[in-house]
Structure formats: C-alpha cells, structure tokens
Amino acid sequence: MELYKAMQERRSIRKFKPDPVDRKLLEELIQKSMWAPSGTNVQPWKFVVLTEKKKEEFWQLSNLVIEAVDETLKQQFSDKMRLFIHGYFRDFGGAPALVVVLTQNNENQEGIQANYESASAAMYNLLLLAHEAGLGTCWMTGHLAVEKKVLELVGCTDYRLVGVTPIGYPDQSPPVPPRKGDKLLWLDK
Ligand SMILES: Cc1cc2nc3c(=O)[nH]c(=O)nc-3n(C[C@H](O)[C@H](O)[C@H](O)COP(=O)(O)O)c2cc1C
C-alpha cells in the first residue's frame, strides 16, 4: 500500500470483530515497527502483547482509569459520549489483543523526552503497518493515569508507559476527521 494512502486511510477503531490476530502476523508487524528512528539510536521501545486472560486482567484497571479521567471527560463531552468512552475503556471495543507500548526510563528529562518521541515513532509505524494488513488500532493514553499499575501488570516497572492500542479486525468504518488548517509556518528571513 502506498504510504500516503495508509496515512490518510488509517482510522482509530473502537469496535472490533472477535476473530483473533495470528500471532506470527502480529509479531512480524511489531518487529517491522521497530524500524523507527530513535534519539542516539537507543531504540528505547518495548512492545508487550496481551491476549486472553492477561488482556482481561488489563481490563480490570479500567474503573481506575475512568475515575481518574472522568472530570476531564465531563468538561469535554456530552453524557452520551462520556458513557461510550467509559465502555471503550472497559472492553477496548472487543479487540482480541492489546499492545502496550513502553519506553526506557531515563533520569535525564531531555533523555526521557527523546525516549518517548522515539517509542511514539515506532508506535505510529505499528498503526500504519496494522492498517496495511487490514487490522484496526486505536492509540490510547487514558491508562497513563494508572501507569504504575500498568507497568506492574506487564512486569516492566523500570519502563515508562507510552500508550496502549487494541488490535484486531475492524467492525466499523469511522468517518474521516478533516484536517485543521494553519499548522505550517514557513520562515526564511
Ligand atoms: C497520543 C494519543 C492519545 C489518544 N488517546 C485516546 C484515548 O485515550 N482514547 C481514545 O478513544 N482515543 C484516543 N486517541 C485517538 C484519537 O482520538 C484519534 O486519533 C483522533 O480522534 C483522530 O482520529 P483518527 O485516529 O481516526 O484519525 C489518541 C490518539 C493519540 C495520538
């Protein structure tokens, strides 16, 4: 698939078919995602895949996430949308797998920021490659509110949480959010 087409067509998917994703395919997509640039070539990412019982254990963190983010949701969304978001945090749209993206910790603030940026580049690669393979994803950061518990659950307490994405076969085609203007500044003097 042409890269630009994949960038335009990829959507955040919030409803999945229950069909499992082949383990070999998912491993291959994740390995390919690691062809991202990284600050000082540290390659600081780590991808943790959760399926079956482990995925359900992760779901159990959802009430804590909802509690932590609900005030913000109240300010930004209608009650109907807020309840939909609660439901999505609870079951990730029925996705058969979750990918938790982590980055190496660093005592130095610039170092940690570079690690986040590098791991985010790799995470976006995964979103695009998944789309090319006919899979849906949705980058989610709500679980940053319970980062410590996420790291404990996946057994990587010396890492930091970048984001979580469900992954599976899409059961919806969301509308295309238009691009917002005035985002490019060109300076030559
Ligand atoms: C850093 C980041 C955090 C996000 N967090 C969430 C989230 O917690 N829950 C969610 O449903 N979507 C989340 N999204 C998805 C955005 O809502 C989505 O990308 C945006 O609405 C544009 O839609 P599109 O991805 O279909 O183009 C997040 C996306 C990014 C990049």
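Since the model is a prediction, treat every value here as computed from it, not as a measurement.

S.K.: Please set out the overall build of the protein chain residue by residue, giving values where relevant.
M.R.: Helix and strand content of the protein chain: seven helices and four strands. Helices and strands in the protein chain line up, N terminus first, as α-α-β-α-α-α-β-α-β-α-β. Scaling as 2.2 N^0.38, a compact globule of 189 residues should have a C-alpha radius of gyration of about 16 Å, and the protein chain matches this with 17 Å. Expressed as lengths along the three principal axes of its C-alpha atoms, the size of the protein chain is roughly 50 × 40 × 40 Å. Buried positions account for 41% of the 189 residues belonging to the protein chain. For the protein chain, restricting intrachain contacts to residue pairs at least 6 apart in sequence, the fraction spanning at least 24 positions comes to 81%. Entry remark: accessible area of the protein chain is about 11,700 Å², with carbon and sulfur atoms responsible for 52%. Distance between charge centroids for the protein chain: 4 Å, based on 24 positive and 24 negative side chains.

S.K.: Any details on the packing of helix α4 (residues 62-76) against helix α5 (residues 79-91)? Residues and values, ideally.
M.R.: Packing of α4 against α5 brings their axes to within 10 Å, and their N-to-C directions diverge by 155 degrees. As the angle between them shows, α4 and α5 are arranged roughly antiparallel. Relative to α5, α4 is oriented so that their crossing is right-handed. On the side of α4, the interface is formed by Ser62, Asn63, Val65, Ile66, Val69, Asp70, Leu73 and Lys74, while α5 contributes Arg82, Ile85, His86, Phe89 and Arg90. Its residues placed into classes, the contact of α4 with α5 shows six nonpolar, three polar and four charged.

S.K.: An account of the packing of aromatic side chains is requested, with residue identities and associated values reported.
M.R.: For the structure on display, the rule yields three aromatic pairs. One aromatic cluster is present, formed by Phe58, Phe84, Tyr88 and Phe92 through successive ring pairs.

S.K.: Account for the environment of Val69, naming residues and giving values.
M.R.: Here Val69 shows up in helix α4. Residue classification places Val69 among the buried positions, given a relative accessible area of 17%. Residues Val69 and Glu52 lie 17 residues apart in sequence; the distance between their C-alpha atoms is 26 Å. Aside from chain neighbours lying at most four places away, what touches Val69 is Phe89 and Gly142.

S.K.: With reference to specific residues and values, describe the sheet that holds strand β1 (residues 45-51).
M.R.: In spatial order, the strands read β1-β2-β4-β3; together these four strands make up an open sheet with antiparallel pairing. Pairing within the sheet leaves two strands with one partner each, and these edge strands are β1 and β3 (136-137). Alignment of β3 against strand β4 (residues 159-168), held across two bridges, turns out to be antiparallel. Residue Thr137 lies in a different strand from β4, and its bridge partner there is Ile167. Packing of helix α3 (residues 52-59) onto the sheet brings it into contact with β1, β2 (97-104) and β4, and relative to β1 it is tilted by some 100 degrees. With respect to the sheet, helix α6 (residues 109-132) is in contact with β1, β2, β3 and β4, its orientation differing from that of β4 by roughly 10 degrees.

Rules used in this analysis
- Residues numbered from 1 in each chain as written.
- Predicted model: local features only at pLDDT ≥ 70, side-chain atom pairs only at ≥ 80, totals over all residues.
- Heavy atoms only, no water.
- Helix = DSSP H or I, 4+ residues; strand = E, 2+ residues; numbered from the N terminus.
- Rg over C-alpha atoms; globule rule 2.2 N^0.38 Å.
- Buried < 20%, exposed > 50% of the residue type's maximum accessible area, 1.4 Å probe, protein only.
- Contact = heavy atoms within 4.5 Å.
- Areas by Shrake-Rupley, 256 points an atom, 1.4 Å probe, with all protein chains shown as cover.
- Lys, Arg positive; Asp, Glu negative; His and termini not counted.
- Charge placed at Lys NZ, Arg CZ, Asp CG, Glu CD.
- Axes fitted to C-alpha atoms, helices over the stretch in contact; angles between N-to-C directions.
- Parallel < 35°, antiparallel > 145°, perpendicular 65-115°, else oblique.
- Left-handed = near helix turned anticlockwise from the far one by under 90°.
- Nonpolar A, V, L, I, M, F, W, Y, C, P; charged D, E, K, R; others polar.
- Phe/Tyr/Trp six-rings, centres within 6.5 Å; stacked < 30°, edge-to-face > 60°.
- Pairing = 2+ DSSP bridges.

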